[in-house]
Amino acid sequence: MNKTMLEIKGVNKTFGGLHALSDVNLQIVEGETHAIIGPNGAGKSTLLNCCIGKLIPDNGSVTFNGRNMIGMPPHEINHAGMVRVFQTPEIFPDLSLMDNLMIPALASRDGTIKFNPFKSMGKEKNIRDEAMQSLADFGLEKFHDQHAGSISRGDKRRLELAMGLIQHPTLLLLDEPTAGMARHDTNATIDLLKSGKMGEMTKVIIEHDMHVVFSLADRISVLARGHIIATGTPEEIKDDPKVKEAYLGEEQEDE
Amino acid sequence: MKNLFKSNAVIMLVFSAVVLTAPIWLDPIGANYPDLLQKFAIFGLFAIGYNILFGLTGYLSFGHAAFLGVGSYTAVWCLKLFTMNVFLGVILATIISGIFALAIGFISLRRSGIYFSILTLAFAQMAYSLAYSVLTPITNGETGLQIAADDPRYLDSMLGITQQSEGIPSTHFFGFDIKSMDGYFGFYFAAVVLIIGFYISLKIFRSPFGLKLRAIKSNQTRMTYTGFNTKPYLLAAFVISGMYAGLAGSIMVAIDPLAGAERMQWTASGEVVLMTILGGVGTLIGPLVGAAVIKYLENIFSALNNSELTNIFSWLPEAIQTATVYIVEPFVGKGWHLTLGSAFMLVVIFLPGGIMEGFDRVKNLFGFGKKKSSSEGEAK
């Protein structure tokens, strides 16, 4: 078995009286695509936020490649190699698509702080080429000088993905990458996430859409009311009676 | 072609030409006198620097006049203690106001949005009040800090430079009297500093640093998850804009060697915000245009009175002339703020991008080619 990349141990998080996460244990293994599913309010986003430094768990530990992530500011977690792709596109709406991609590329090159007020952006050929290549990979090159706020929602999601990928993360955290997408866009995103570099990358995916989950995931963890109730391969999860009760059963009846 | 018009060298060349020939092309609108031209350059410099903070990062500071004041006091003390050559004062004022900006920015930037604005306002008002009270030995309180004939000027006396004439000596830049050429030397001195300041601003706008600042304005949360520690970037922008303010304050002193606390009042801080918004927030040249418009209104419109208006409208039939003068009068003279206020409201409502957006719209309206419009937009 490959080595464990991200290890979440005994993580608890309460908001007031609400137990958002209780004693969550999860191991993400190098090279796998791990889906976290669960009904609304199960604590999926809270778990992700605890990993990237947006929230600090009440207790427990989050270890990434042997380094403790708890209490580390978000920008350092990013440089440790854990990059999050947001559910609602968190882009730079007033900047061009090109700039939107050059910023994460600069972050990877310059680190958390680097002052270069007298360098010319026009001379940053490497960064520029890298951004343009990434736009082309995602089919966005025709919008390269448009404001990111002006493109369609689906394109924004793709831009968001491109911004995560240009940083060459070791672990990519995807928060509902296909939420709100039309069926053919969803399928295109699935293909994108399976192909090339993206396919080999270690990924954690939070997703509602079972079609996406079963197309992509190597392993699935089911989160319900803040507890991990099952972890296993898609087949194991499908047959797990606890999961059926908590989640899949209801979902299948709806469909 | 597009690249040619957008290259730094071309922009700087056009900009320098426009600024240095200002006495010629401002003559027809009655703005060709050194006192006003100097104000254009000084406040233009102030606003260009302020725009690096407000325009790029979106952090609205209401306290930048404090740095202007600090720069002014530093420059006067340099004149008093060291030398009548303004060079030293200008350099020291920039550095010291930068140190002040570092301290105030460090504390104010712990908050963002309206709380940041209030913190900067509080600091500036504190500086203003202190200048009138506790710091009177340094600031000379209400009288204002002035130079005197019997100031020590250690550096000048060490170098054996003695006063040629009795009375208060005049400021000079390596021997060139600032007041020479009927005061135009003062303008050219300020204009050259403005051109240097504009060049630095241009470089910052087009650097990775500038891009990062713009990204902070667009989505600061995302910046932190993209791997940037945003605080040092904001502090750097704050310090740079504070240094510009101090530089502008020292140029004021170089031309007219006195400093008063009223320069630090919150209305002065508000004025630079108005200039930036009126001209165009986040544009290279907008703040300078805004500064020029406001100073023009302040100096020209406020000087108009009833008889001059009657003269201006003398070509109208008498009844209409009287009526027109009656309507226009509240907007000029003491009421020039009414003109400024109306202009400001119109710009904010109809041209959120400021006067620069107006220029762009006019150009698009007449269907100028893209290369032309971009060159003028940035060079004007």
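Bear in mind that the values here come from a model prediction, so they are computed numbers and not experimental data.

1. Focus on the nonpolar core
Counting residues in hydrophobic clusters, the biggest one holds 139 residues, and the most contacted among them are Leu159 of chain A together with Phe15 of chain B. Considering each element in turn, this core owes the most residues, 17 residues, to helix 13 (residues 230-255) of chain B. In this structure, Leu47, Ile52, Phe64 and Ile206 of chain A belong to the second largest nonpolar core, which totals 29 residues.

2. Focus on the packing of helix 15 (residues 286-300) of chain B against helix 18 (residues 336-350) of chain B
Residue and element names in this part refer to chain B. Orientation of helix 15 relative to helix 18, taken along the N-to-C sense of each, is 155°, at an axis distance of 9 Å. By the angle class used here, helix 15 and helix 18 are roughly antiparallel. Our pair here, helix 15 against helix 18, has a crossing hand that is right-handed. Residue-level inspection shows Ile294, Leu297 and Glu298 of helix 15 in contact with helix 18, the latter providing Trp336, Thr339 and Leu340. By residue class, the composition of the contact of helix 15 with helix 18 is four nonpolar, one polar and one charged.

3. Here we look at the interface of chain A and chain B
Each partner contributes residues to the interface: chain A has 36 residues there, and chain B has 24 residues. Here chain A meets chain B over a buried area of about 2,700 Å², counting both sides, of which 64% is carbon and sulfur. Counting the contacts that link chain A with chain B gives two salt bridges. A salt bridge links Asp110 of chain A to Lys212 of chain B, with the nearest nitrogen and oxygen atoms 2.8 Å apart. Remark: the boundary between chain A and chain B carries 16 residue pairs in polar contact (both at pLDDT 80 or more). Counting only elements with at least two residues in the side of chain A that touches chain B, the list comes to helix 2 (74-80), helix 3 (97-110) and helix 5 (153-165) of chain A.

4. Re the pairing of strand 8 (residues 202-206) of chain A
Successive side chains on a regular strand alternate, one facing one side of the sheet and the next facing the other. Residues and elements named next belong to chain A. The buried fraction of strand 8 amounts to five of the five residues, a majority that puts the element mostly inside the structure. Here strand 8 shows a buried face lined by Thr202, Val204 and Ile206 and a second buried face lined by Lys203 and Ile205. In terms of strand pairing, strand 3 (residues 33-37) meets strand 8 through four bridges, oriented parallel. Within strand 8, the residue paired with His34 across the bridge is Val204. Bridge count for strand 7 (residues 171-175) against strand 8 is five bridges, and the pairing is parallel.

5. A look at the environment of Lys13 of chain A
Within the element layout of this structure, Lys13 of chain A appears in strand 1 (residues 4-15). With residues up to four places along the chain from it excluded, the contact list for Lys13 of chain A reads Leu18, His19, Ala20, Leu21, Thr46, Ile56, Pro57 and Asp58 of chain A.

6. So, the pairing of strand 2 (residues 18-29) of chain A
Residues and elements named next belong to chain A. Pairing geometry for strand 1 and strand 2, over eight bridges, is antiparallel. Counterpart to Ile8 in the pairing with strand 2 is Leu26. Counting the residues that bridge the hairpin from strand 1 to strand 2 gives two residues, and of these Gly16 lies at a positive phi of roughly 60°.

7. Overview of the domain arrangement of chain A
Residue and element names in this part refer to chain A. Partitioning chain A into domains gives domain 1 (1-81 + 171-255) and domain 2 (90-168). Taking only C-alpha atoms, the centre of domain 1 and the centre of domain 2 are 26 Å apart. Domain 1 puts 18 residues into the contact, and the matching count from domain 2 is 12 residues. Buried area between domain 1 and domain 2, summed over both chains or domains, comes out near 1,100 Å², and the portion from carbon and sulfur atoms is 67%. In this structure, the connection of domain 1 to domain 2 is made through zero salt bridges. Of all the secondary-structure elements, those providing two or more residues to the side of domain 1 that touches domain 2 are helix 2, strand 7, helix 6 (183-194) and helix 7 (196-200). Top element by residues in the side of domain 1 that touches domain 2 is helix 2. It accounts for four residues. Its residues assigned to classes, the side of domain 1 that touches domain 2 shows nine nonpolar, five polar and four charged.

8. Points about the packing of aromatic side chains
All chains considered together, the criterion is met by 17 aromatic pairs over all chains. Aromatic rings pair up to connect Phe115 of chain A together with Phe209, Phe228 and Tyr233 of chain B into one cluster. Across the ring face of Phe214 of chain A, the terminal group of Lys238 of chain A is positioned such that the distance to the ring centre comes to 4.8 Å. The ring of Phe43 of chain B carries the charged tip of Lys295 of chain B above its face, separated from the ring centre by 4.0 Å.

Reading the values: the criteria
- Residues numbered from 1 in each chain as written.
- Chains lettered and ligands numbered in written order.
- Predicted model: local features only at pLDDT ≥ 70, side-chain atom pairs only at ≥ 80, totals over all residues.
- Heavy atoms only, no water.
- Core = buried A, V, L, I, M, F, W, Y, C linked by side-chain atoms within 4.5 Å.
- Buried < 20%, exposed > 50% of the residue type's maximum accessible area, 1.4 Å probe, protein only.
- Helix = DSSP H or I, 4+ residues; strand = E, 2+ residues; numbered from the N terminus.
- Axes fitted to C-alpha atoms, helices over the stretch in contact; angles between N-to-C directions.
- Parallel < 35°, antiparallel > 145°, perpendicular 65-115°, else oblique.
- Left-handed = near helix turned anticlockwise from the far one by under 90°.
- Contact = heavy atoms within 4.5 Å.
- Nonpolar A, V, L, I, M, F, W, Y, C, P; charged D, E, K, R; others polar.
- Buried area = accessible area lost by both parts, 1.4 Å probe.
- Salt bridge = Lys/Arg side-chain N within 4 Å of Asp/Glu carboxyl O.
- Polar contact = N/O pair within 3.5 Å; in protein donor to acceptor, adjacent residues only side chain to side chain.
- Pairing = 2+ DSSP bridges.
- Domains from an automatic or database assignment.
- Phe/Tyr/Trp six-rings, centres within 6.5 Å; stacked < 30°, edge-to-face > 60°.
- Lys NZ or Arg CZ within 6 Å of the ring centre and 35° of its normal.

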